[in-house]
Amino acid sequence: MDDFLLYSLFFSVLYVSLSIIYFITKANTSKPNLPPGSTGWPVIGENIDLMVPEKYISDRMKKYSPEVFKTSILGEKVAVFCGAAGNKFFFTNENTLLTTWWPQSVTKPLMFPTDAQNTLRKITILNRTNIHEIFKLENLKHYIPTMDSMAKEHIAEEWAPFREVKVYALSKYYTFALACKLFLSIEDRDEVKRLLDPIILVSTGMFSLPLNFPGTAYNRAMKGGSMVRRQLVEVIKERKAKAMMNSLGKVEDEGRDVLGRLLSVTDEEGQHLNEFEIYHYIIGILLPTYHSTSAAITFVLKFLAELPHIYQQVYKEQIEIAKSKGPNERLSWEDIQKMKYSWNVACEALRLFPPGQGGFRETVTDFTYAGFTIPKGWKTFWNVYSTHKNPKYFSEPDKFDPSRYEGNGPAPFTFVPFGGGPRMCPGKEYARLEVLVFMHNVVTNFKMEKLVPNEKIVYNSASPIPVNGLPVRLTPHQN
Ligand code: HEM
């Protein structure tokens, strides 16, 4: 009995002591003050709401915080940074607080199975060094005549013979075919199509939930991805073999295309890039070209077809340039510099329908932003809509007004269709040239009229899509 009492006393004291320790510890370890928000439904999170990105962002900015909110998208918990201050913080803390991260729905289909995120980080650094060199304006200027002759050929074959065309599909094909020529020197239509078909599969599932079973967009992206990898590596190996034969064992490719330049690139130890490294590089530029530049062209043309007063001013600028050229003379860098109003129009289309919605990163350490703790390892996202459609930065934000880009233009970190900081889109200048050259060729040939006046815009991949493909009636100019 004494023993029983002793044991009871011992366990009571132990229980009370542990309880006191527990409550003291709990009181001392204050829970991190995470950003407000909801993680939505199990597994699907808030992915469905993301299908209408502008509303998704503005609803949550109103409900939770205009600075940063928590959500769950693409199978991950994510802190979404908003407003000009959010963009600034994001773009100026690259590599100190934030590092490269892409969702599984992008990495798994497209990358060779290794440690995808690490490979990605290495490739991002490699890309940044090389891509800025390859895509610098001095090099891009040589592409302008080719862009112009391809646009002329495309318009003559795919637009001029018809009274009505669907802009979206045509601009997708055109931008991809141009990239195949300039990046890989592939011109044959069948070969272009052979590369394009699996890319379409990948791109429609690229920002979907990573659920891999038959019928899902992710499953289609996985199938497309393995075809893309096989085909592109084949193209790279063939070119490498040819380059080695031409130069007796040394990899020397004289081509001006991007692949030729990549075959000649060496790292600090003098080693050439291998096929897989080159593949990751090429896919990293082919996809945005296919996705983003085509969306940019589509939405510029949408506004030109809708707004006759804007069209008229673009026409005036472009026809003057056309009249200054000889019969077979191609556009040059000097002509591009004269397309100031046209570029303001393109910028306004990029503001209202940005082809890229923002960018992901992963946090490398715990940090505080706007009074909230963002824990190490969390995924973060900056987005275009929190500024592009915000009346605080753009008065009457739904109004199409190219004069916003005159003078000093929009305030810093508010107009961000190409991102900002060290990870700003390296294809920005390429995209600018491509969009302007295409605008020139369409506008100097036709007037356009929309066939579906209030065509709905949907987002079933990363970029906006006119649901009927933007059908327009063409009226050729009588000149
Ligand atoms: C109108 C067309 C385009 C738009 C709106 C666009 C938009 C963007 C945006 C917003 C980012 C930054 C994403 C982030 O912060 O994570 C980005 C990154 C990137 N873009 Fe573009 N892009 C376009 C065209 C292109 C083209 C034509 C190329 C290739 C020639 C390209 C290649 C890239 C690459 C490689 C990156 C990643 C850079 C890095 O992570 O350091 N883009 N783009």
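You'll find the structure just up there.
Residues numbered from 1 in each chain as written. Predicted model: local features only at pLDDT ≥ 70, side-chain atom pairs only at ≥ 80, totals over all residues. Heavy atoms only, no water.

Moving on to the overall build of the chain. Of regular secondary structure, the chain possesses 17 helices and 12 strands. Within the span of the chain, comprising 479 residues, buried residues form 52% of the whole. Taking all contacts inside the chain whose residues are at least 6 apart in sequence as the whole, residues at least 24 apart take part in 72%. Of the roughly 23200 Å² of accessible surface on the chain, a fraction of 57% belongs to carbon and sulfur atoms. (Helix = DSSP H or I, 4+ residues; strand = E, 2+ residues; numbered from the N terminus. Buried < 20%, exposed > 50% of the residue type's maximum accessible area, 1.4 Å probe, protein only. Contact = heavy atoms within 4.5 Å. Areas by Shrake-Rupley, 256 points an atom, 1.4 Å probe, with all protein chains shown as cover.)

Relative to the helices and strands, Glu 317 is located in helix α13 (residues 308-323). For the buried Glu 317, which has no salt bridge, the nearest side chain bearing the opposite charge is Lys 340, at an N-O separation of 7.8 Å. If sequence neighbours within four positions are ignored, Glu 317 has contacts with Lys 338, Met 339, Lys 340, Tyr 341 and Ser 342. (Lys, Arg positive; Asp, Glu negative; His and termini not counted. Salt bridge = Lys/Arg side-chain N within 4 Å of Asp/Glu carboxyl O.)

What follows covers the pattern of salt bridges. Evaluated as defined, the whole model comprises 25 salt bridges. Note that Lys 389 and Asp 398 form a salt bridge whose closest N and O atoms lie 3.0 Å from each other. Members of the salt-bridge network, linked through shared partners, are Lys 325, Glu 329, Asp 335 and Lys 338.

The textbook angles at a metal center are 109.5 degrees for a tetrahedron of four donors and 90 or 180 degrees for an octahedron of six. Within the protein, just one atom coordinates the iron atom of the ligand: Cys 425 (SG), at a distance of 2.3 Å. Inspection of the secondary structure puts Cys 425 in the loop between α16 (385-388) and α17 (428-443). (Donors = N, O, S within 2.8 Å, 3.2 Å for Na, K, Ca; no water.)

Turning next to the site of the ligand. Taken together, the neighbourhood of the ligand is formed by 25 residues, with Arg 361, Trp 382, Pro 417, Arg 423 and Cys 425 sitting nearest. Here an oxygen atom of the ligand and a side-chain polar atom of Trp 382 are 2.9 Å apart. The set of elements that each furnish at least two residues to the shell around the ligand consists of α5 (116-134), α12 (275-306), β5 (358-363) and α17. Tallying contributions element by element places α12 first for the shell around the ligand, with seven residues. The residue inventory of the shell around the ligand, partitioned by class, reads 14 nonpolar, eight polar and three charged. (Near = heavy atom within 4 Å. Polar contact = N/O pair within 3.5 Å; in protein donor to acceptor, adjacent residues only side chain to side chain. Nonpolar A, V, L, I, M, F, W, Y, C, P; charged D, E, K, R; others polar.)

Here the phi dihedral of Asn 95 falls at roughly 75°; this positive angle occurs in a residue that is not glycine. The residue Asn 95 is located in the loop between α3 (83-92) and β3 (98-100) in this model. Asn 95 gets classed as exposed once you look at its relative accessible area, which sits at 54%.

Taking burial as the measure, the six residues of β5 include five buried ones, the bulk of the element. Sheet topology places β3 next to β5; three bridges connect them, and they run antiparallel. When the bridges of β5 are listed, Thr 100 appears paired with Arg 361. The sheet contact formed by β5 and strand β8 (residues 379-383) spans five bridges and is antiparallel. Bridging across to β8, Arg 361 finds its partner in Thr 380. (Pairing = 2+ DSSP bridges.)

Another point: the packing of aromatic side chains. Under the definition given, this model contains 22 aromatic pairs. On the basis of an interplanar angle of 50° and a centroid distance of 4.6 Å, the ring pair of Phe 89 and Tyr 369 is categorised as tilted. In this pair, Phe 89 is assigned in helix α3 and Tyr 369 in strand β6 (residues 367-369), connecting sequence segments 280 residues apart. The residues Phe 89 and Tyr 369 share a single accessibility class, namely buried. Plain terms: the ring middles of Phe 183 and Tyr 430 are 5.5 Å apart, the flat faces sit at 45° to each other, and that makes the pair tilted. (Phe/Tyr/Trp six-rings, centres within 6.5 Å; stacked < 30°, edge-to-face > 60°.)

This part covers the pairing of strand β2 (residues 76-81). Two strands pair when backbone bridges link them, and strand β1 (residues 68-73) and β2 are joined in this way by six bridges, in the antiparallel orientation. Residue pairing in the sheet places Lys 70 in a bridge with Ala 79 of β2. The antiparallel pairing of β1 with β2 creates a hairpin that spans two residues between the two strands, and Leu 74 there sits at a positive phi of about 50°. Taken together, the four bridges between β2 and β8 define a ladder with parallel strand orientation. Residue pairing in the sheet places Val 80 in a bridge with Phe 381 of β8.

Let us now look at a negative patch on the surface. A contiguous patch of negative charge on the surface is contributed by Asp 188, Asp 190, Glu 191 and Glu 238. Topologically, Asp 190 is positioned in helix α9 (residues 189-205). The class for Asp 190 is exposed, based on a relative accessible area of 59%. (Patch = residues over 30% accessible without salt bridge, like charges linked within 9 Å, V, L, I, M, F, W, Y side chains within 5 Å. Charge placed at Lys NZ, Arg CZ, Asp CG, Glu CD.)

This part is about the nonpolar core. A general tendency of soluble globular proteins is for nonpolar side chains to be buried together. Of all hydrophobic cores here, the largest spans 130 residues; its most connected members are Trp 159, Phe 183, Val 258, Leu 304 and Tyr 430. Residue contributions to this core peak at 17 residues, all from α12. The contacts of Trp 159, once residues within four sequence positions are left out, are His 154, Val 165, Val 167, Leu 170, Leu 301, Phe 438, Val 442, Phe 446, Met 448 and Leu 474. (Core = buried A, V, L, I, M, F, W, Y, C linked by side-chain atoms within 4.5 Å.)

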